[in-house]
Amino acid sequence: MDLLAQYSDGSGGVGGGSDGGDDDATTTTMTAISAAPKDIAPYVNTACLALVTDGGEQRVINVADTKNLHDPTRKKIYYNVKYDDLHEPLAGPAHPFRGDGKARGMRNHATGHVETAYVDRFTFDEQYATFQAHGYGAEPSGNGFVGNVEALAENGADTVFSMNNAKRRKVREMVLAEVAAEDDGERPDFSAWAPSRDAIKPLTTGDLTEEQKEFVTWHAARREANMRAKGKLRDADGKKITDAMVGAEGEEVVAKGDRSFFHGKEQKNYIGESWIAPPKDRKKENDHTYVPKRCIHTWSGHTKGVQAIRFFPNYGHLILSAGLDSKIKIWDVHNSGKCMRTYLGHEKAIKDIQFNNDGSRFISSSWDKKIKLWDTETGQVITTLTSGKIAYAVRTHPAEGQQNILMAAQSDKKILQYDLNTGDVVQEYDQHLGAVNTITFCDEGNRFVTSSDDKSIRVWEFGIPVVMKYIADPTMHSMPAVTASPNGTWLACQSLDNQIMIYSTKDKFRLNKKKRFTGHQNAGYACQVNFSPDGRFIFSGDSEGKVHFWDWKSQKIFKTIQAHDKVVIGCEWHPLEQSKVATCSWDGTIKYWD
């Protein structure tokens, strides 16, 4: 109302002393309001804008726009600029492929702007093939054609799909005539690149060696035995052939499933000694051991990785290897360095091997859930045991009078004790809560220690299925590899947290906290840990293909060797040679170091 009163005073209304009535005053006021000008211009944000005079001309500039600094024609700056902006190098025009370029908004592809269009697959293939064959095609917009106009008129705008057979034959003849003209009638003879059928001769048994013939015969016999066991082998009348129907002849065929091949020159020397007899000229010179420096020999007979190696007991003139290719091989160490015998019988990868005390026999366990007792010299399978579960570790009793006792660490949380003479299970130890990984005898065979995936260590009295010592701690990890020291007073346990733990076998199997060996990477792998014969060094492989040697007293790494390309899963110190070590890896090789 104050605004109305002020407007009335200035225009001679009610407030200005007019003689008119109230109605006239109201009418005059409303007319004045409607006659007032209205601001219909949009709102303009004047922040950072300034009106300046430049060359006699007034302009409005944006003082926050730093692009004015890069204009070489500008001589004045109307705001305080930063030091970095003032000394920034002069740049050229905006790059069209970068995000700050003005042309970037028009591009939706790395090479420009692509418009979306729908063409069904048949139409696209038709036009594409026509353009490749005749040089013309329909324009994508649908207005006319593009390409060779003469060919378009000659073919009547036909595509390769709409031509009739006569025209298609005519075009084909024209193309062949052009090709023949370019080659002057001489076409290359491609048949000369491949040998003729007469030159290819079928492989016969006469082309095979004796070893290959034996392997073919063994493989055929095992395949026949497996088919008969599964009920897939039938006679001429279509009836199934079983083991009971085959009789004695079938038993002979089944026995051929376990075979062995001798690769040496002769199995007996001139005085009648066996090829596994230890050499008489090899004796232990002294008890002081040395760390090896270089590789002196490499065995590479396995087609897959090597899981474990074992030296011949007490002499080390032979080395036994278990391969992931389901083969077991024994190699000569001192003389020829060649493979002496191959043992075939397992159907899957070998998990563990172990010699008996004199080396005349050895035990093997495989992922095919079988345990086999082999004769080292002849390669014959003496006994085959199976419990339906995988045996992760096998050990024979160390006592001379109990070499027929076999201990098997099973995947079903049990340790089975076999009598190899009868093949029966005479004792069962079932206190673990996970798969059992290792078995280690101590105290002259009166006790044995087992480790499991349940992250515990249990000590047993031999023959008594009751745990006498249970070792577990929340900080413990699984220990898939355990080895006893040469003097039998310590146990080296390969822990999966990249360290080797030492337990005492005398003082109630306590952890020796002062002995701990670290510096290698073995997490996830059951890398074997071992001692030197004099106990001066402890060594182990790791997942990076290295072999680490630690000093037993100082617990420091004495030496590291880059031995293999893949994980070093097993390592053994030679029992007689003080500075020689053998290592095996999943790269399929066995290396001998000196």
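Each value, and the rule that gives it
Per chain, residue numbering runs from 1 following the sequence as it is written. Totals for whole chains, interfaces and linings use every residue, but because this is a predicted model, local features are given only for residues with pLDDT of at least 70 and side-chain atom pairs only at 80 or more, for both listing and counting. Only heavy atoms go into the side-chain values, all of them from the structure, while hydrogens and water stay out. UniProt positions are given in the numbering used here, feature names are shortened, and annotations may be inferred rather than shown by experiment. Secondary structure follows DSSP: runs of H or I at least 4 residues long count as helices, runs of E at least 2 residues long count as strands, and numbering of each begins at the N terminus. Note on exposure labels: buried denotes an accessible area under 20% of the residue type's maximum, exposed denotes more than 50%, and partly exposed covers the range between, all computed with a 1.4 Å probe on protein chains only. Whether two residues are in contact is decided by their heavy atoms, any of which lying within 4.5 Å being enough. Surface accessibility in these figures is a Shrake-Rupley result with a 1.4 Å probe; residues are shielded only by whichever protein chains are displayed. Paired strands, as defined in this entry, are two strands with at least two bridges between them according to DSSP. For the purposes of this analysis, a disulfide is any pair of cysteine sulfur atoms at a distance within 2.5 Å. Only the stretch in contact is used when a helix axis is fitted, and all axes are lines through C-alpha atoms; the angle between N-to-C directions ranges over 0 to 180 degrees. The definition of a nonpolar core used throughout is a set of buried Ala, Val, Leu, Ile, Met, Phe, Trp, Tyr and Cys residues joined through side-chain atoms within 4.5 Å. Salt bridge criterion: a side-chain nitrogen from Lys or Arg within 4 Å of a carboxyl oxygen from Asp or Glu. When two rings of Phe, Tyr or Trp (its six-membered ring) have centres within 6.5 Å they constitute a pair, described as stacked for plane angles under 30 degrees, edge-to-face for angles over 60, and tilted for the intermediate range. Every definition here rests on a 1 Å grid over the protein atoms only: cavities are sets of points where a 1.4 Å probe fits but cannot get out, pockets are open sets enclosed by protein on both sides within 12 Å along at least five of seven lines, and lining residues have some atom within 4 Å of a point. Grid points are joined across faces, edges and corners, and a volume is the space filled by probe spheres set on the points. Three categories are distinguished: nonpolar for Ala, Val, Leu, Ile, Met, Phe, Trp, Tyr, Cys and Pro, charged for Asp, Glu, Lys and Arg, and polar for the others, with Gly belonging to the last. Side-chain atoms alone can form a polar contact between residues adjacent in sequence; in general such a contact is a pair of N or O atoms within 3.5 Å, and within protein one must be able to donate a hydrogen while the other accepts it. Confidence scores labelled pLDDT are given residue by residue by the predictor and lie between 0 and 100.

Under the annotation held in an unreviewed UniProt entry, the chain carries the name Pre-mRNA-processing factor 17 and is attributed to Mantoniella antarctica. Note on the chain: under the UniProt heading Subcellular location (unreviewed entry), the record states "Nucleus".

Colleague: Please give an account of the overall build of the chain that cites residues and values.
Modeller: Secondary structure summary: the chain contains nine helices and 33 strands in total. A total of 594 residues make up the chain; the buried ones form 36% of that total. By sequence separation, contacts in the chain at least 24 residues apart represent 43% of the contacts at least 6 residues apart. A total of about 35,900 Å² of accessible surface is found on the chain, and carbon and sulfur atoms cover 51% of it.

Colleague: Go over the pairing of strand β10 (residues 339-344), please, and point to the residues and values.
Modeller: Burial of β10 is extensive: six of the six residues sit out of reach of the surface. Alignment of strand β9 (residues 327-332) against β10, held across five bridges, turns out to be antiparallel. Residue pairing across strands places Lys327 opposite Leu344, the latter belonging to β10. Where β9 folds back onto β10 in an antiparallel hairpin, the turn is made up of six residues, including Gly337, whose phi is positive at roughly 75°.

Colleague: I'd like to hear about the state of the cysteines, residue by residue, with values.
Modeller: Inspection of every chain in the model, using the stated rule, returns zero disulfides. Residue Cys527 stays outside any disulfide, its sulfur separated by 8.4 Å from that of Cys571, the closest cysteine. Cys571 gets classed as buried once you look at its relative accessible area, which sits at 0%.

Colleague: Talk me through the sheet that holds strand β20 (residues 447-452); I want residue IDs and the actual numbers.
Modeller: In spatial order, the strands read β19-β20-β21-β22; together these four strands make up an open sheet with antiparallel pairing. Where the open sheet ends on each side, the last strands, each with one partner, are β19 (436-442) and β22 (467-472). Strand-to-strand twist of the sheet, defined as the mean angle between neighbouring strand axes without regard to direction, takes the value 20°. Note: β20 against strand β21 (residues 456-461), five bridges, orientation antiparallel. Bridging from a neighbouring strand, Val449 pairs with Val459 of β21.

Colleague: Give me the lowdown on the nonpolar core, citing residues and values where you can.
Modeller: If you look at the biggest cluster of nonpolar residues, it comprises 16 residues, and the most contacted ones within it are Leu320, Ile328, Ile330 and Tyr343. Of all the secondary structure elements, the ones that give two or more residues to this core are β8 (318-323), β9, β10 and β11 (350-355).

Colleague: Tell me about the pattern of salt bridges, and name the residues and values.
Modeller: The tally for this structure, following the rule as stated, stands at twelve salt bridges. For Glu572, the salt bridge identified is with Arg310, shortest N-O distance 3.9 Å. Here Glu572 is found in strand β31 (residues 568-573), whereas its partner Arg310 is found in strand β7 (residues 306-311), with 262 residues between them in sequence. What makes Glu572 buried here is its relative accessible area of 14%. Look at the salt bridges and you will find they share partners, linking Arg310, Asp352, Arg395 and Glu572 into a network.

Colleague: Provide a residue-level description of the packing of aromatic side chains, including the pertinent values.
Modeller: As enumerated under the stated definition, the model contains 27 aromatic pairs in all. Within the aromatic cluster, the residues linked to one another by ring pairs are Phe312, Tyr343, Phe355, Phe362 and Trp374.

Colleague: I'd like a description of unusual backbone geometry, backed by residues and values.
Modeller: In this structure, Asn314 is a non-glycine residue whose phi angle is positive, near 75°. Within the secondary structure, Asn314 is located in the loop between β7 and β8. Positive phi outside glycine occurs at Ser326, with the angle close to 70°. Overall, the relative accessible area of 16% leaves Ser326 in the buried class.

Colleague: Which residues make up the layout of surface pockets, and what values do they have?
Modeller: Approximately 620 Å³ is the volume found for the second largest pocket. Residue classes in the lining of the second largest pocket are distributed as seven nonpolar, nine polar and eight charged.

Colleague: An account of the side chain of Thr342 is requested, with residue identities and associated values reported.
Modeller: Mapped onto the elements, Thr342 comes out in strand β10. A polar contact is formed between the side chain of Thr342 and the side chain of Lys329, at a distance of 3.0 Å. Residues contacting Thr342, with those up to four places away along its chain left out, are Arg259, Ser260, Phe261, His263, Lys327, Ile328 and Lys329.

Colleague: Got a sec to walk through the pairing of strand β24 (residues 490-495)? Specific residues and values, please.
Modeller: In terms of residue burial, β24 counts as a mostly covered element, since five of its six residues are buried. Note that strand β23 (residues 481-484) and β24 share four bridges and pair antiparallel. Along β24, the bridge assignment pairs Thr483 with Ala492. Connecting β23 to the antiparallel partner β24 that follows it, the hairpin turn spans five residues, and Gly488 within it adopts a positive phi of roughly 80°. A loop of three residues connects β24 with strand β25 (residues 499-504), the two strands running antiparallel in sequence, and Asn498 in this loop sits at a positive phi of about 65°.

Colleague: Which residues make up the confidence of the model for the chain, and what are the values?
Modeller: Per-residue confidence for the chain averages 79 on the pLDDT scale, and 74% of its residues sit at or above 70. Long-range and interchain partners of residues 11-21, a stretch whose pLDDT sits below 50, account for eight contacts in this model, where long-range means more than four residues apart.

Colleague: Could you give an account of the UniProt feature "repeat: WD" (unreviewed entry) in the chain, with specific residues and numbers?
Modeller: Here, the residues flagged by UniProt with the feature "repeat: WD" (unreviewed entry) are residues 299-333, 343-384, 429-461, 529-560 and 561-594. Along residues 561-594, the helical share is 0% and the strand share 50%, with 12 Å between the first and last C-alpha atoms.

Colleague: Give me the lowdown on the sheet that holds β8, citing residues and values where you can.
Modeller: With antiparallel pairing, the five strands of this open sheet are ordered in space as β5-β10-β9-β8-β7. Every other strand in the sheet has two partners, leaving β5 (259-262) and β7 as the edge strands with one partner each. Sheet twist, expressed as the mean angle between neighbouring strand axes with direction ignored, is 15°. Pairing between β7 and β8: five bridges, direction antiparallel.

Colleague: Any chance you could break down the side chain of Ser366 for me, citing the residues and the numbers?
Modeller: Following the sequence through the fold, Ser366 ends up in strand β12 (residues 361-366). On the basis of relative accessible area, Ser366 is assigned to the buried category, the value being 1%. Separated by 3.1 Å, the side chain of Ser366 and the backbone oxygen of Lys348 make a polar contact. Once residues within four sequence positions are removed from consideration, Ser366 is found in contact with His346, Lys348, Ala349, Ile350, Lys351 and Ile390.

Colleague: How would you explain the environment of Asp507 if you had to name every residue and give the values?
Modeller: Relative to the elements of secondary structure, Asp507 occurs in the loop between β25 and β26 (511-518). Sequence separation of Asp507 and Thr489 is 18 residues, and the distance between their C-alpha atoms is 9.1 Å.

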